Amino acid sequence: MALVRNFEKHSLYVEKIHGEVECTYSTFRAADGKLYFQIDTYGSPTRQMKGKKSQSTQLDEDAAKTLISLLKDELSI
């Protein structure tokens, strides 16, 4: 699991599209009262343990606002 607080641009040397996986999201309020957005991805269909959560990424409100801004700028949306 990872709690993302900020983002730094990184250039890729090899632009490669990854294989598709299942993804879910949820929101929850922590004990401190802050609201979080969590994205969970699951292993590829060929993974030995099918359906097992592979990665979890959590964003607080500030990180989510930053990501939205980056998406708008970088993808021209």
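Higher on the page you've got the structure.
Notes on the structure follow.

Rules of the game
- Residues numbered from 1 in each chain as written.
- Predicted model: local features only at pLDDT ≥ 70, side-chain atom pairs only at ≥ 80, totals over all residues.
- Heavy atoms only, no water.
- Buried < 20%, exposed > 50% of the residue type's maximum accessible area, 1.4 Å probe, protein only.
- Helix = DSSP H or I, 4+ residues; strand = E, 2+ residues; numbered from the N terminus.
- Pairing = 2+ DSSP bridges.
- Axes fitted to C-alpha atoms, helices over the stretch in contact; angles between N-to-C directions.

## Comments concerning the pairing of strand β3 (residues 35–42)
- With burial as the criterion, only one face of β3 is covered, namely that bearing Tyr-36, Gln-38, Asp-40 and Tyr-42; the residues Leu-35, Phe-37, Ile-39 and Thr-41 on the opposite face remain uncovered.
- In this structure, strand β2 (residues 23–29) lies alongside β3, joined through seven bridges in antiparallel fashion. Paired with Cys-23 across the bridge in β3 is Thr-41.
- Hairpin connection from β2 to β3: five residues lie between these consecutive antiparallel strands, with Gly-33 at a positive phi of about 90°.
- Strand direction decides the pairing type here: β3 and strand β4 (residues 53–59), joined by six bridges, are antiparallel. Across the sheet, the residue bridging to Ile-39 is Thr-57, located in β4.

## Here we look at the sheet that holds strand β1 (residues 2–4)
- Pairing is mixed across the open sheet formed by four strands, whose spatial order is β1-β4-β3-β2. Both edges of this open sheet fall to β1 and β2, since each of them pairs with a single strand only. Each neighbouring strand pair of the sheet contributes to a mean axis angle of 25°, computed without reference to strand direction.

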